[in-house]
Amino acid sequence: QVQLVESGGGSVQAGGSLRLSCAASGYTYSRFCVAWFRQGPEKEREGVAFTYTGGGYTYYADSVKGRFTISQDNAKNTVYLQMNSLKPEDTAMYYCAATGIRLGGTCSTARYDYRTWGQGTQVTVSS
């Protein structure tokens, strides 16, 4: 059974930083796509950052580009989201998700292509 376990959320002031972790277990294949999504109150779930764990691909939403960095430690089966220069509008529940679906060397950015999800970790940014 595939499992994703998230950690690292918390409450920070605007301009601060947080590092989220997503630990994966139970996969029968060694490389796949991992994404971070977020959902604020009364808002749709949106993709934030995407990566292929085999390397060579990352993608960021315009709203976080230049501030967030997705990375991985394959030896630990963990994907990270380093969040810098946080803004109040970054406040949301953050979820990691995984899929084996790739499109010509990139990862799918479609929410419906992600079937494995973590439980979420809350990020709150105060002004």
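Residues numbered from 1 in each chain as written. Predicted model: local features only at pLDDT ≥ 70, side-chain atom pairs only at ≥ 80, totals over all residues. Heavy atoms only, no water.

Undergrad: Teacher, can you tell me more about the pattern of salt bridges here?
TA: Between side chains of opposite charge, a pair can form as their charged atoms come close. Applying the stated criterion to the full structure yields four salt bridges. Of the charged contacts, one joins D90 and R38 as a salt bridge, the two residues approaching to 2.9 Å between their closest N and O atoms. Taken together, the residues D90 in the loop between strand 8 (78-83) and strand 9 (92-99) and R38 in strand 4 (residues 33-39) connect sequence positions 52 residues apart. Classification of D90 by relative accessible area gives buried; the value is 0%. Of the residues examined, R38 reaches a relative accessible area of 5% and is grouped as buried. If you follow the salt bridges from partner to partner, you end up with R38, E46, R67 and D90 in one network. (Salt bridge = Lys/Arg side-chain N within 4 Å of Asp/Glu carboxyl O. Helix = DSSP H or I, 4+ residues; strand = E, 2+ residues; numbered from the N terminus. Buried < 20%, exposed > 50% of the residue type's maximum accessible area, 1.4 Å probe, protein only.)

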